[in-house]
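# Observations on chain architecture
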Amino acid sequence: MNVSIIGAGVSGLTAGCYLQLSGFHTTIFEQNDRPGGLCISWKRGEYTFESGFQWMLGSGPANPFYQLWSELLDMHSIDFITHESRLDLEVKETQNPSGGKLFHLYTNLDKLRNYLIDISPEDQPAITSLIQTMRKMQAFEIPPMIKKVPQLLPLKEKASYIRYLPLLWFLNRIRKETNYSFARRLKSPFLKEAFELLFDGEELPLMVVTLPLAYGDLKAAGYPLGGASRLIEKFKDKYIDLGGQIQYNSPLKKILTRNNKTTGILLDNGVEIDSDIVVSAADWHFTVFDALDGKYVNNRIMKLGLQEKLKVYYSLVIVSLGINRKFDEESHFLRFPADKDLVSPDGTIYSRLEAHIYNYDPTLAPQGKTVVTISFYTMKADYWIDLRKRDRASYTMKKMEFSESVINLAEKRFGRIKEFVEEVDVATPASFFRHTNNWKGSAQGWLPGKNIIARSPVKPTLPGLKNFYYTGHWSIPGGGLPVAVKSARDLVQIICHETGQPFGIEQ
């Protein structure tokens, strides 16, 4: 059977690999001249800039995702770095007992526990509880039964899920804990401020940081040396080796249907491709409301489209700098207060900066030089997207002015930057939208709701439409690499079940 896959991001490549292994003939249609989607890096002069890739769940065998990565990638051929500290955070109002303002969120849980208790012995009960929670995470299989698709399990095997009730109870108990609620349990003003600032003043589930910490401690949440481009190259090579084909510079215009069945796709250049099955690994909103004209929706889908059920994840403005100096003394990932508020052209006000210093990846810059990226989250993507479309000159000017302001603030924090900057690049929500067609330039699909473990409202099929399937990081709120891979693998099992094909990995 011929399958057309829309999008050569991680999910599209993953779906292509498993479909090829399962006896299907696939072609991926990608709008750009290279694969990757949001998992991408790009060259500017001697430097390689990243789109924000920081860590990968399942980089080691202690997490179940390692099993999935290993099915498609030679994990031993990738060098992973597990940082001593997940994040260094500079507070503004308080100080630690030594008079310093820097808070270290260590990945080694024993070191983190001792560090926190040294700062505030009176907070030992809350600190011990925090560490114990992460130790319990390590004891569970998260996610459980990673290679299974629940709806495809026979009744007897579904009954075996009962053994995971302790995990469900545990996750249900901790999902309500936020960085703010934990901070309220602390007596130390320094630790209280640090935990409140974990997400730059936002209140989010503490699991967002405790889960990667738990697996960072087990060397299973590392950064692949070479970043996004190295990882994507391996996915692409695997797909091509399995006989898959990629057509680049082939943006989609419409998904073709007849009698409520997909029959193929129509590309922007007017070429029609006949297909037995169409899989979209592209933007969810574009797929449902543009490529299919919103014909196959229900109340749940309409609420998603109106952002009544879930909100779209933040987009990013990333100022990337290629700097002719070393930053060996600096943390790889640092959040710190600006000496004055920074106002973005879109009107968002930032009182803190987030700097990612790639002083640990020599593949991104020549010896003695460093890539530094400073990222800003925004919910005003439409401003950037509309400005670029309406007035390209003004868009370019505002990017340049914003980058100059950012460099000035970075100069005050790190010193000796301005005179050594050799390359500057500014990626905005318009950049993400242009490259990936992601709705509102979203960096990770949907923003998780209050219940971080709730069942996803996004389904792999659309009501009333046959021979069509959806996969990608929009499949589960929060998105990210694990969602992209798991959703694609699950989807191929569903397709195999519905077409009577054996799933390739299990043959």
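Notes on the structure follow. (Residues numbered from 1 in each chain as written. Predicted model: local features only at pLDDT ≥ 70, side-chain atom pairs only at ≥ 80, totals over all residues. Heavy atoms only, no water.)

A word on the packing of aromatic side chains. The final tally for this structure, using the stated rule, is 24 aromatic pairs. Among the aromatic residues, ring-to-ring pairing joins Phe103, Tyr106, Tyr115, Phe182, Phe190 and Phe195 into one connected group. Across the ring face of Phe327, the terminal group of Arg325 is positioned such that the distance to the ring centre comes to 3.9 Å. Seen from the ring of Phe336, Arg413 lies directly overhead, with NZ or CZ sitting 5.6 Å from the centre. (Phe/Tyr/Trp six-rings, centres within 6.5 Å; stacked < 30°, edge-to-face > 60°. Lys NZ or Arg CZ within 6 Å of the ring centre and 35° of its normal.)

In this section: the sheet that holds strand S11 (residues 252–258). Taken in spatial order, the 3 strands line up as S11-S12-S13 in an open sheet, and their pairing is antiparallel. Two strands in the sheet have a free side with no partner beyond their single neighbour: S11 and strand S13 (272–274). Strand after strand, the sheet turns through a mean of 30 degrees between neighbouring axes, direction not considered. Sheet topology places strand S12 (residues 261–267) next to S13; 3 bridges connect them, and they run antiparallel. If you follow Ile265 over to S13, its bridge partner there is Ile273. (Pairing = 2+ DSSP bridges. Helix = DSSP H or I, 4+ residues; strand = E, 2+ residues; numbered from the N terminus. Axes fitted to C-alpha atoms, helices over the stretch in contact; angles between N-to-C directions.)

This part covers the nonpolar core. Core analysis: the biggest nonpolar cluster contains 87 residues, and Trp69, Phe103, Leu112, Leu198 and Phe235 have the highest contact counts within it. Those residues in contact with Leu112, other than ones at most four positions away along the chain, are His104, Leu105, Tyr106, Ile131, Met134 and Leu213. Counting 31 residues, the second-largest nonpolar core is a separate cluster that includes Phe327, Phe336, Leu353 and Ile417. (Core = buried A, V, L, I, M, F, W, Y, C linked by side-chain atoms within 4.5 Å. Buried < 20%, exposed > 50% of the residue type's maximum accessible area, 1.4 Å probe, protein only. Contact = heavy atoms within 4.5 Å.)

What follows deals with the packing of helix H4 (residues 124–139) against helix H6 (residues 165–174). The relative placement of two packed helices is expressed as an angle between their axes plus a distance between the axes. Put simply, H4 and H6 touch, their axes get as near as 11 Å, and they point 150 degrees apart. Overall, the two elements H4 and H6 adopt an arrangement that is roughly antiparallel. Crossing of H4 against H6: the hand is left-handed. The residues of H6 that touch H4, namely those facing Thr133, Lys136 and Met137, are Phe170, Arg173 and Ile174. (Parallel < 35°, antiparallel > 145°, perpendicular 65-115°, else oblique. Left-handed = near helix turned anticlockwise from the far one by under 90°.)

This part covers the pairing of strand S2 (residues 25–29). Burial within S2 is extensive, with 4 of its 5 residues counted as buried. Pairing analysis gives 5 bridges linking strand S1 (residues 2–6) to S2, with the strands arranged parallel. Looking across to S2, one finds that Asn2 is bridged to His25. Remark: the S1/helix H1 (residues 10–21)/S2 crossover connection has right-handed handedness. (Right-handed = clockwise from strand over helix to strand, strands pointing away.)

We now examine H6. All of the buried residues along H6 are Leu167, Phe170, Leu171 and Ile174. Buried residues of H6, seen end-on, are gathered within an arc of 95 degrees and therefore sit on one face of the element. Taken together, the buried residues of H6 touch H4 and helix H9 (207–217). (Arc of directions from axis to C-beta.)

The residue Ser331 is located in the loop between strand S16 (315–323) and strand S17 (333–343) in this model. With relative accessibility at 14%, the residue Ser331 sits in the buried group. For Ser331, the side chain forms a polar contact with the side chain of Asp88, separated by 3.4 Å. Reaching out from Ser331, the side chain makes a polar contact with the backbone oxygen of Phe333 at a distance of 3.0 Å. Leaving out residues up to four positions away in the same chain, Ser331 has contacts with Asp88, Ile357 and Asn359. (Polar contact = N/O pair within 3.5 Å; in protein donor to acceptor, adjacent residues only side chain to side chain.)

Within the open sheet, the 7 strands sit side by side as S8-S7-S17-S18-S19-S16-S20. Their pairing is mixed. On the outer flanks of this sheet lie strand S8 (102–106) and strand S20 (421–427), each paired with one strand and no other. On average, each strand axis in the sheet is tilted by 25 degrees relative to the strand beside it, whichever way the strands run. Here strand S18 (residues 349–357) pairs with strand S19 (residues 370–378) via 4 bridges, running antiparallel. In the strand pairing of S19, Glu354 is matched with Ser375. In the packing of helix H14 (residues 392–414) onto the sheet, the strands contacted are strand S7 (85–90), S16, S17, S18, S19 and S20, and the crossing angle to S17 comes to about 120 degrees. Against the sheet, helix H15 (residues 429–436) engages S16, S19 and S20, with an angle of about 100 degrees to S16.

This part is about the pattern of salt bridges. Oppositely charged side chains can pair when the atoms bearing their charge come close. Evaluation of the coordinates by the stated rule reveals 20 salt bridges. The shortest N-O distance in the salt bridge between Lys369 and Glu46 comes to 2.7 Å. One end of the pair, Lys369, is in the loop between S18 and S19; the other, Glu46, is in the loop between strand S3 (41–44) and strand S4 (47–50), and 323 residues separate them in sequence. Residue Glu46 is classed as partly exposed on the basis of its relative accessible area of 44%. Of the charged contacts, one joins Arg135 and Asp110 as a salt bridge, the two residues approaching to 3.0 Å between their closest N and O atoms. With Arg135 in helix H4 and Asp110 in helix H3 (residues 109–119), this pair connects stretches of sequence that are 25 residues apart. Classification of Arg135 as partly exposed rests on a relative accessible area of 30%. (Salt bridge = Lys/Arg side-chain N within 4 Å of Asp/Glu carboxyl O.)

Function-wise, these values are silent; they only describe arrangement.
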